[in-house]
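Descriptive analysis of the structure
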Amino acid sequence: MDLLLSRKKILVTGGTSELGSAFVRQAVARGAEVHFTWHESKARALALEKTGARKHRVDLGSTESMDVFLKEFLAAHETLDVLVHNAAATADARLGSLSEAEWDRVLAVGLKAPFYLTQKLLPLLLKVRPSKVFMIVSRAGLEGLPGAANYAAAKGGLIAMTKVLARELGKKQVLVNAVNPGFMKSRMTENVPEETFQAALERSPTRTISDPEEVAGFLVYLSSGLVRGVTGQVFHFESRPL
Ligand SMILES: NC(=O)c1ccc[n+]([C@@H]2O[C@H](COP(=O)([O-])OP(=O)(O)OC[C@H]3O[C@@H](n4cnc5c(N)ncnc54)[C@H](OP(=O)(O)O)[C@@H]3O)[C@@H](O)[C@H]2O)c1
């Protein structure tokens, strides 16, 4: 199987996340030119840069910050093969104590940024046939997650946007799909109690939680030339039966 990504240019947001860094490393190892965004995790970004990937500091919660990045990126690049919307913010609270600012920030990073970046980078994506956009989503966006109305709304919005953009851009050979990586150990889940992990393991038919390396490998496969006609889909890595 040819999973080489040589000559492919990839941009992934949140390269400093557990899943993002696994994908950056695997994509670089397969020959891609990889660009990733980071925001606060400087040490992680510097370590990742040593793989040969190129880092860009962007606050995805700020249109001004995205504009600075886009100006530089659009001036330097004419094409883009793969765009992965992986960064996500959380600010968990039940409705009664969820502040407007926390609602706005989580929706800005998790939903507005994917819209804005895809729109502004579309001219580069249209020069590659097929090009690919991936939304990293969550079961929260399908079923809800108590205490995370903002995060769940962002992920539900991304799933809807995946389906709309797949239909709008299909004829132009821009393939748009979503991947739900399932429950992974990462900074996002570091405060999740051990019992919740145990419960997830017990629900899982294979008694496992998701491995970011495995999800990253699946993204490599979807990014490769082997996949040319799949769009509008949501792929689930789940630790329990659907
Ligand atoms: N972990 C899970 O169990 C799970 C389950 C389902 C779906 N997911 C999804 O999978 C993806 C990766 O999750 P993960 O657990 O690997 O993530 P993570 O390790 O918690 O990292 C979050 C990422 O988002 C970036 N980010 C947050 N706010 C930002 C902002 N304002 N501007 C720019 N970047 C920002 C962070 O950048 P810096 O660190 O550089 O600030 C970091 O790279 C996310 O989309 C998440 O929703 C995760």
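In what follows, the structure referred to is the one given above.
All values reported here derive from a predicted model rather than from experimental measurement.

How each quantity is defined
- Residues numbered from 1 in each chain as written.
- Predicted model: local features only at pLDDT ≥ 70, side-chain atom pairs only at ≥ 80, totals over all residues.
- Heavy atoms only, no water.
- Helix = DSSP H or I, 4+ residues; strand = E, 2+ residues; numbered from the N terminus.
- Rg over C-alpha atoms; globule rule 2.2 N^0.38 Å.
- Contact = heavy atoms within 4.5 Å.
- Areas by Shrake-Rupley, 256 points an atom, 1.4 Å probe, with all protein chains shown as cover.
- Lys, Arg positive; Asp, Glu negative; His and termini not counted.
- Charge placed at Lys NZ, Arg CZ, Asp CG, Glu CD.
- Near = heavy atom within 4 Å.
- Polar contact = N/O pair within 3.5 Å; in protein donor to acceptor, adjacent residues only side chain to side chain.
- Core = buried A, V, L, I, M, F, W, Y, C linked by side-chain atoms within 4.5 Å.
- Buried < 20%, exposed > 50% of the residue type's maximum accessible area, 1.4 Å probe, protein only.
- Pairing = 2+ DSSP bridges.
- Right-handed = clockwise from strand over helix to strand, strands pointing away.

1. Digging into the overall build of the chain
Along its length, the chain carries eight helices and seven strands. Here the C-alpha radius of gyration of the chain, 17 Å, is about what a compact globule of 242 residues would show, namely 18 Å. Considered along the principal axes of its C-alpha atoms, the chain spans approximately 45 × 40 × 40 Å. Sequence separation of 24 or more characterises 72% of the internal contacts of the chain that already satisfy a separation of 6 or more. Accessible surface for the chain amounts to roughly 11900 Å². Of this, 53% is attributable to carbon and sulfur atoms. Positive and negative side-chain charges of the chain, numbering 31 and 25 respectively, have mean locations separated by a distance of 7 Å.

2. Focus on the site of the ligand
Taken together, 30 residues lie near the ligand, and Thr16, Ser41, Asn86, Tyr151 and Ser186 sit nearest. Interatomic distance of 2.7 Å between a backbone N/O atom of Glu40 and an oxygen atom of the ligand. Separating an oxygen atom of the ligand from a side-chain N or O atom of Ser186 is a distance of 2.5 Å. The fraction of the free accessible surface of the ligand (910 Å²) that becomes covered by protein chains is 93%.

3. Some words on the nonpolar core
Residues Leu60, Leu80, Leu121, Met135 and Val176 are the most contacted members of the largest nonpolar core, which totals 37 residues. What Met135 contacts, discounting residues up to four positions off in sequence, is His85, Pro114, Leu158, Met161, Thr162, Leu165, Val176, Asn177, Ala178 and Val179. Counting residues in hydrophobic clusters, the runner-up holds 28 residues, among them Leu19, Trp38, Leu222 and Phe237.

4. Let's talk about unusual backbone geometry
Cis geometry marks the peptide bond from Arg129 to Pro130, where omega comes out at -5°. Note on placement: Pro130 falls in the loop between helix H4 (100-125) and strand E5 (131-136). Not every positive phi belongs to a glycine, and Arg7 is a case in point at roughly 70°. Mapped onto the elements, Arg7 comes out in the segment before strand E1 (9-12). Overall, Arg7 belongs to the exposed group, its relative accessible area being 79%.

5. Things to note about the pairing of E5
Along E5, six of the six residues are buried, which leaves the element largely enclosed by surrounding structure. Pairing of strand E4 (residues 82-85) with E5, which is carried by four bridges, proceeds in the parallel orientation. From the neighbouring strand, His85 faces E5, where its bridge partner is Met135. Taken together, E4, H4 and E5 constitute a β-α-β crossover, and its handedness is right-handed. Judged from the six bridges that link them, E5 and strand E6 (residues 174-180) form a sheet pairing that is parallel. The residue of E6 that forms the bridge with Met135 is Ala178.

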